[in-house]
Amino acid sequence: MNAFAIPDFERQFDVRREQAPAFPDYRQKSLDDLRQQGLPGAKTEDWKYTSVREVLGETFVEATPAAPVAVPECAARHLAVMVNGYLNTDLSRLEDLPEGVTLCSLAAARDNHRDQVDAMLGRVVRHDRHPFAALNGAFFRDGLFLDVAPGTQVQEPLVVLWLSGAGDAALIQPRVLVRVGEGAELALMEQHRGSAAGHFTNQVSEILVGDNAGLTQVQLQDTGKEQLVCGTHVRCSRDSRYRAQTIDLGGKLIRNDLAISLDQPGAEADADGVFLAGRDQHVDNHLRVDHRAPNCDSSALYKGLLGGGGRGVFNGKLIVHPEGQKTRAEQTNHNLLLARDVEIDTKPELEIYADDVKCSHGSTSGELDPDQLFYLRSRGIDSPEARALLVRSFALEISERMNHSRLRDLVGEQLEPALDRLARNELEG
Amino acid sequence: MLSIRNLRARVGETEILKGISLEVNPGEVHAVMGPNGSGKSTLARILSGREGYEITADKLEYMGHDLLEMTPEERAREGLFMAFQYPVEIPGISNIQFLRTAYNSVRKHRGEEPLDSVDFLAMVKSRLKEVDIDQSFLRRSVNTDFSGGEKKRNEMLQMLVLEPRLAILDETDSGLDIDALATVAGSINSLRSEDRSIVMVTHYQRLLDYVVPDHVHILADGRIVKSGKADLAQKLEKKGYGWLAEHAGEEAEA
Ligand SMILES: Nc1ncnc2c1ncn2[C@@H]1O[C@H](COP(=O)(O)OP(=O)(O)OP(=O)(O)O)[C@@H](O)[C@H]1O
Ligand SMILES: [Mg+2]
């Protein structure tokens, strides 16, 4: 099996070229972009607080689709199971998907939906300042293609389970293309579940939300000993609605780059998140929202909860371009520090190049309020339960903002027990 | 019920309570009055277990237990209740969830089964009427954006649900309009019984017209400077705290 050390990407690329992989032009462009900006190091601004030294020092094997996996129980009606970045149709449940929904591997889409793939691949993602996206572009093997035809409604959530198999530390680099056609509606829940092996996943998703379309996307990440870098790049058309919730239940290293571009008038985007980090866990959320057209709204609320030894990073960028008149936008990050030995770096940034806008941003970090704790205890509620109640109430504000009730329940089932573990200081990587 | 002898409390270099002694027997209602900053709330907070004070006492017992050995939640489960002068807002926790968690914590302590949400709701609804709170308040976050009077009535609701043996009410009558005062007084009176005791901290005679105390104590500068019957409060109302200073040398009537 092919050994792959990421810093060795030039030679790896040459080796692969021999095998004449698909999409050679895009791969070459990605390689050029990667070469130009280089891999992130201690001096790279966007990676100042998140070190990938360990990932860059590792030699991985290339992920294969045929790894043995344990599939967690999942009652979802529509289920796509991805193993090491490859769609596994045997483990999936796709029969009930409404007509108008196309879901297949990226390899299959290349054969059967070539025009659509060509129209999307590399056209939503930005490589500049996203070196891992360029790396993915140069080397991705397969991934997922999801197309919701105009007018199609998928109300019952489609769950995509990202699993990794046992075995040597593997490099998993899937590419995901999602298009929600005009007037269509999709509820999507992606869940990353890490195994005990030391894999590294570098995922890139390119998402188009069409005119007057709606996409509600949950990304729930619980990666254990694995490391995950996840880039989600979204473009929103006229009058569309994109709602994202990123729920991080902890992991050795999780880095999300969610980049939303509101391209046409009337588009709306909400990006909310909850991140939990306990001992030996590091969670980094980078959010960027670009307002490139008038009359677009966006809001973001991220809540971080850090237990003993946990490390969190939030960076929110809100950019209103000159075309973005009548923008209404806000970005907020609140963090709850549940122990002394935690670290949080939070930075909301605002860049405004239009004059008629309403924008706000802010962040706070603090411990549990002793007055609230005492109030609860003075009514007979013991200290651990009082802590757990306050921790829950802090995080569940995000759930209350989710108006898709099935997605809210699916998230709650996993978020609530994780919050209780965090409150008891038992969350560990 | 409550037995305090020579209680002193300090924060850093500041001594706030300077030797307080007080006996409260079952069935009694005591009123504690005194100027701003005299230490009334500090006394109430210490009795309910607030941390952050250095405390010494020759005796500090509730129902025969050494209070200093008990956590705030143990005190509450043993029937000690303090209505806060400034009730705390807790966004994100609904009033009903808060009440039920508290109630079931107390039940569990007594070895009783927890009440499920249906039965609990039925019980709470009947209490709501007594304190004149609309049912919609159950779904709202604890005290969050409640008016001053609503917060005070919410304290009374908690008291009625938890049915304490010793209720310490820190200025529950302050800031209430006349109707609300009558409601709150009604709650306090409904709790009154032979085996329960009430300590009311107040600035105003008007509450004492509704809930007539057995004993009145005047706290000034961390000490009880005078104790008497209900008429002491009336004298105070007429003459003000200045009158006390003139009689500072006189023996307390007890
Ligand atoms: N944690 C603290 N640190 C320092 N000083 C304190 C602390 N708590 C209370 N004090 C001081 O102790 C004194 C008594 O305060 P307390 O709140 O008990 O007064 P009070 O009698 O309840 O007054 P009021 O009638 O205004 O409610 C005040 O001077 C107050 O500033
Ligand atoms: Mg006071």
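What counts and how
Residues numbered from 1 in each chain as written. Chains lettered and ligands numbered in written order. Predicted model: local features only at pLDDT ≥ 70, side-chain atom pairs only at ≥ 80, totals over all residues. Heavy atoms only, no water. Domains from an automatic or database assignment. Buried area = accessible area lost by both parts, 1.4 Å probe. Salt bridge = Lys/Arg side-chain N within 4 Å of Asp/Glu carboxyl O. Polar contact = N/O pair within 3.5 Å; in protein donor to acceptor, adjacent residues only side chain to side chain. Helix = DSSP H or I, 4+ residues; strand = E, 2+ residues; numbered from the N terminus. Nonpolar A, V, L, I, M, F, W, Y, C, P; charged D, E, K, R; others polar. Near = heavy atom within 4 Å. Areas by Shrake-Rupley, 256 points an atom, 1.4 Å probe, with all protein chains shown as cover. Expected span 1.5 Å × (residues − 1). Buried < 20%, exposed > 50% of the residue type's maximum accessible area, 1.4 Å probe, protein only. Pairing = 2+ DSSP bridges. Axes fitted to C-alpha atoms, helices over the stretch in contact; angles between N-to-C directions. Contact = heavy atoms within 4.5 Å. Donors = N, O, S within 2.8 Å, 3.2 Å for Na, K, Ca; no water. Parallel < 35°, antiparallel > 145°, perpendicular 65-115°, else oblique. Left-handed = near helix turned anticlockwise from the far one by under 90°. Phe/Tyr/Trp six-rings, centres within 6.5 Å; stacked < 30°, edge-to-face > 60°. Lys NZ or Arg CZ within 6 Å of the ring centre and 35° of its normal. Right-handed = clockwise from strand over helix to strand, strands pointing away.

### Focus on the domain arrangement of chain A
All names here are of chain A. Domain assignment breaks chain A into domain 1 (3–264) and domain 2 (368–429). When each unit is reduced to the centre of its C-alpha atoms, the spacing between domain 1 and domain 2 is 30 Å. Taking both partners together, domain 1 and domain 2 bury about 1400 Å²; carbon and sulfur atoms supply 66% of that area. On the surface where domain 1 and domain 2 come into contact, there are one salt bridge. Glu156 serves as the salt-bridge partner of Arg406, at 3.5 Å between the closest nitrogen and oxygen. Joining domain 1 to domain 2, the criterion identifies four residue pairs in polar contact (both at pLDDT 80 or more). Secondary structure elements with two or more residues in the side of domain 1 that touches domain 2: strand 7 (153–163), strand 10 (185–193), strand 12 (214–222) and strand 14 (241–248). Tallied by class, the residues present in the side of domain 1 that touches domain 2 amount to nine nonpolar, four polar and four charged.

### Section: the site of ligand 1
Residues and elements named next belong to chain B. Around ligand 1 there are 14 residues in total, and Gly37, Lys40, Ser41, Thr42 and His203 lie nearest to it. Contact with the protein chains covers 63% of the free accessible surface of ligand 1, which is 640 Å². Counting residues per element, the shell around ligand 1 draws most heavily on helix 1 (residues 40–48), which supplies four residues. Among the residues forming the shell around ligand 1, the class breakdown is three nonpolar, eight polar and three charged.

### A short note on helix 3 (residues 95–109) of chain B
Residues and elements named next belong to chain B. The terminal C-alpha atoms of helix 3 lie 21 Å apart, and with 15 residues this matches the ideal 21 Å at 1.5 Å per residue to within 8%. In terms of burial, helix 3 is largely enclosed, as eleven of its 15 residues are buried. Every buried residue of helix 3 is listed here: Asn95, Ile96, Phe98, Leu99, Thr101, Ala102, Tyr103, Asn104, Ser105, Val106 and Arg107. Just downstream of helix 3 lies Gly111, where phi reads positive at about 80 degrees.

### Brief notes about unusual backbone geometry
Leave glycine aside and you will find that most residues have negative phi; peptide bonds, for their part, are mostly trans. One non-glycine residue, A:Asn212, lies in positive phi territory at about 55 degrees. In this fold, A:Asn212 is placed in the loop between strand 11 (200–209) and strand 12. For A:Asn212, a relative accessible area of 42% gives the class partly exposed. One non-glycine residue, B:Asp145, adopts positive backbone phi at about 60 degrees. The residue B:Asp145 is located in the loop between strand 9 (141–142) and helix 5 (148–162) in this model. Taking the relative accessible area as the measure of exposure, B:Asp145 reaches 63% and is therefore exposed.

### Observations concerning the sheet that holds strand 7 of chain A
Residues and elements named next belong to chain A. Across the sheet, ten strands lie side by side as 4-3-7-10-12-14-16-18-20-22; this open sheet has mixed pairing. Unpaired on one side and paired on the other, strand 4 (86–93) and strand 22 (358–366) mark the two borders of the sheet. Between one strand axis and the next, the sheet turns through 10 degrees on average, direction left out of account. Relative to strand 7, strand 3 (residues 78–83) is paired through six bridges, and the arrangement is parallel. The residue bridging Val83 from the neighbouring strand is Leu163, located in strand 7. Of the strands in this sheet, strand 14, strand 16 (268–277), strand 18 (297–306) and strand 20 (328–337) are in contact with helix 8 (residues 383–400), which crosses strand 18 at around 155 degrees.

### Focus on the coordination of the magnesium ion (ligand 2)
Residues and elements named next belong to chain B. At 1.9 to 2.1 Å from the magnesium ion (ligand 2) lie its protein donor atoms, namely Ser41 (OG) and Gln85 (OE1). Of this pair, Ser41 sits in helix 1 while Gln85 sits in the loop between strand 7 (80–83) and strand 8 (90–94), placing them 44 residues apart in sequence. Using a relative accessible area of 13% as the deciding quantity, one classes Ser41 as buried.

### Description of the interface of chain A and chain B
Listed per partner, the contact involves 17 residues of chain A and 32 residues of chain B. Surface buried jointly by chain A and chain B totals about 2000 Å² across both partners, of which 62% is contributed by carbon and sulfur atoms. Three residues, A:Phe374, A:Tyr375 and A:Arg379, lead the burial of chain A against chain B; their summed loss comes to 40% of the area buried on that side. For the pair chain A and chain B, the number of links is five salt bridges. Put simply, A:Asp371 and B:Arg50 hold a salt bridge, and the shortest N to O gap is 2.4 Å.

### What to know about the packing of helix 4 (residues 117–131) of chain B against helix 5 of chain B
Residues and elements named next belong to chain B. Remark: helix 4 packs on helix 5, axes separated minimally by 9 Å, with the N-to-C direction vectors making an angle of 130 degrees. Judged by the inter-axis angle, helix 4 sits oblique to helix 5. The hand of the helix 4/helix 5 crossing is right-handed. Residues Phe120, Met123, Val124, Arg127, Leu128, Glu130 and Val131 of helix 4 pack against Arg153, Met156, Leu157, Leu160 and Val161 of helix 5.

### Focus: the packing of aromatic side chains
Counted under the stated rule, the structure contains 13 aromatic pairs over all chains. Ring geometry for A:Tyr375 versus B:Phe98: centroids 5.6 Å apart, planes at 20 degrees, classification stacked. Remark: B:Phe98 occurs in helix 3 and A:Tyr375 occurs in helix 7 (residues 370–377); the pair is interchain, linking two chains. Comparing A:Tyr375 with B:Phe98, the two get one shared label, buried. Within the aromatic cluster, the residues linked to one another by ring pairs are A:Trp47, A:Phe60, A:Phe132 and A:Phe200. Over the aromatic face of A:Tyr375 sits the side chain of A:Arg379, whose NZ or CZ is 5.1 Å from the ring centroid.

### Digging into the packing of helix 1 (residues 9–17) of chain A against helix 2 (residues 24–37) of chain A
Residues and elements named next belong to chain A. The interhelical angle for the contact between helix 1 and helix 2, taken along N-to-C directions, is 170 degrees, at an axis separation of 11 Å. Here helix 2 runs roughly antiparallel to helix 1, going by the angle between their axes. Each of Phe9, Glu10, Phe13 and Arg17 in helix 1 lies in contact with helix 2, whose residues at this interface are Arg27, Gln28, Leu31, Leu34 and Arg35. Counted by class, the contact of helix 1 with helix 2 contains four nonpolar, one polar and four charged residues.

### Observations regarding the pairing of strand 10 (residues 166–170) of chain B
Residue and element names in this part refer to chain B. Of all five residues in strand 10, five are buried; the element is thus mostly enclosed. Here strand 10 shows a buried face lined by Leu166, Ile168 and Asp170 and a second buried face lined by Ala167 and Leu169. The pairing of strand 7 with strand 10 spans four bridges and is parallel. Following the sheet pairing, Phe81 is matched in strand 10 by Ala167. Note that strand 10 and strand 11 (residues 197–201) share five bridges and pair parallel. Looking at strand 11, one finds that Leu169 is bridged to Met200. Note that the unit made of strand 10, helix 6 (residues 178–191) and strand 11 has a crossover that is right-handed.

### A few points about the sheet that holds strand 7 of chain B
Residues and elements named next belong to chain B. One open sheet holds the six strands; their spatial order is 7-10-11-3-12-13, and the pairing between them is mixed. Unpaired on one side and paired on the other, strand 7 and strand 13 (223–228) mark the two borders of the sheet. Across this sheet, the average inter-strand angle for adjacent strands is 20 degrees, counted without regard to direction. In this structure, strand 3 (residues 29–33) lies alongside strand 12 (residues 215–220), joined through four bridges in parallel fashion.

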